[in-house]
Amino acid sequence: MGKIVVLSDANTFTDPAAVRNLVRWFADPSIGAVCGRLVLTDPATGGNVDSLYWRYETFLKKCESRLGALLGSNGAIYAIRRTLFVPSPTTRSLTIL
C-alpha cells in the first residue's frame, strides 16, 4: 500500500505534473501534508479569473508554508501521509501512491 494519500475535488482539472509536485515535498520526513494551488479559470476563455479574495487566500497559504504550518486546505488537490490520514465513513475512493 502507498505511503501518500492524494485527494481532490471531482470537478477539478489537474495539471499532469500536479501529483509529482505534491509528492516531492514528502522527501522531508517532517512534512505531513501538502496543499496544491487552485487556479480559477473561465471555462469559455480559459483565462485566470482569481478574485481578490482568492488571491488573498493564496497569499495566506504561502505565509502558512513559511511558518511550517498548513492550517487549512482547499479541496482542489492535496496530499497527506497515510500514517496521518483518518478516512471519514463516507470516503468512497482514494488515489493511493
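As a reminder, the structure under discussion sits directly above these lines.
Attention here is on the structure that accompanies the text. (Residues numbered from 1 in each chain as written. Predicted model: local features only at pLDDT ≥ 70, side-chain atom pairs only at ≥ 80, totals over all residues. Heavy atoms only, no water.)

**A few points about helix α2 (residues 52-67)**
- For α2, built from 16 residues, the straight-helix expectation of 22 Å at 1.5 Å per residue is met to within 8% by its first-to-last C-alpha distance of 23 Å.
- Once α2 finishes, Gly 68 follows within two positions and takes phi at roughly 75 degrees, a positive value. (Helix = DSSP H or I, 4+ residues; strand = E, 2+ residues; numbered from the N terminus. Expected span 1.5 Å × (residues − 1).)

**Observations concerning the environment of Gly 36**
- Among the structural elements, Gly 36 can be located in the loop between β2 (33-35) and α2.
- According to the relative accessible area criterion, Gly 36 is buried, its value standing at 17%.
- In this structure, the C-alpha to C-alpha distance between Gly 36 and Arg 20, residues 16 residues apart in sequence, is 11 Å.
- When near neighbours in sequence (up to four residues on either side) are disregarded, Gly 36 contacts Leu 22, Asn 74, Ile 77 and Tyr 78. (Buried < 20%, exposed > 50% of the residue type's maximum accessible area, 1.4 Å probe, protein only. Contact = heavy atoms within 4.5 Å.)

**Considerations on the layout of surface pockets**
- By volume, the largest pocket amounts to about 1,200 Å³.
- Residue lining of the largest pocket: 37 residues in total, with Leu 22, Cys 35, Gly 36, Arg 37 and Ile 77 positioned closest to the centre.
- Every element with two or more residues in the lining of the largest pocket is listed here: α1 (18-23), β2 and α2.
- Of the residues belonging to the lining of the largest pocket, the class tally is 16 nonpolar, 13 polar and eight charged. (1 Å grid on protein atoms, 1.4 Å probe; cavity = no way out; pocket = protein on both sides within 12 Å on 5 of 7 lines; lining within 4 Å. Points joined across faces, edges and corners; volume = space filled by probe spheres on them. Nonpolar A, V, L, I, M, F, W, Y, C, P; charged D, E, K, R; others polar.)

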